[in-house]
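Structural overview
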Amino acid sequence: QVQLVESGGGLVQAGGSLTLSCAASGRTSSIGVMSWFRQAPGKERQFVAAKFSVGSTYYADSVKGRFTISRDNAKNTLYLQMHSLKPEDTAVYYCALDSYYSGGYSSTSSYDYWGQGTQVTVSS
């Protein structure tokens, strides 16, 4: 059993920055990959960024160059640093964990655990 608790969401002006955090607890001895997804009202949940335990990172084209995913392994905490935010970044952001990665890091069905989500709103 793994629990994921997200924090850091809020309201920010376009062009601004925001950092999200995701703290993992419970059975965290095996973590293949941790990722961020986001979902706007009426839309599908979309992949944002992935961080593998060995260090590899991947980003959606829509956020590449603006967002940075990182991990503090000592704290089992995942971060998402967001810069140059746009109104289209507005969504509920979710943290996800896959214990044993076997492919498909950008697919929601690949993950075992999800956080409750944190709202990010970017104003014009």
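These lines cover the structure that appears in this document, whether it is placed above or below. (Residues numbered from 1 in each chain as written. Predicted model: local features only at pLDDT ≥ 70, side-chain atom pairs only at ≥ 80, totals over all residues. Heavy atoms only, no water.)

1. Let's talk about the pattern of salt bridges
For the structure shown, the criterion picks out three salt bridges. Note that Asp-61 is salt-bridged to Lys-64, the shortest N-O span being 3.4 Å. We classify Lys-64 as exposed; its relative accessible area is 52%. Note that Asp-89 and Arg-66 form a salt bridge whose closest N and O atoms lie 2.8 Å from each other. Here Arg-66 lies in the loop between strand E6 (57-59) and strand E7 (67-72) and Asp-89 lies in the loop between strand E8 (77-82) and strand E9 (91-98), a separation of 23 residues in the sequence. (Salt bridge = Lys/Arg side-chain N within 4 Å of Asp/Glu carboxyl O. Buried < 20%, exposed > 50% of the residue type's maximum accessible area, 1.4 Å probe, protein only. Helix = DSSP H or I, 4+ residues; strand = E, 2+ residues; numbered from the N terminus.)

2. Section: unusual backbone geometry
Negative phi values dominate among residues other than glycine, just as trans dominates among peptide bonds. Residue Asn-76 is not a glycine yet carries a positive backbone phi of 50°. Of note, Asn-76 is situated in the loop between E7 and E8. For Asn-76, a relative accessible area of 17% puts it in the buried group. If you check the backbone angles, Ser-84 has positive phi at about 50° while not being a glycine. For Ser-84, the position within the fold is in the loop between E8 and E9.

Everything listed here is a matter of geometry and, on its own, says nothing about what the molecule does.
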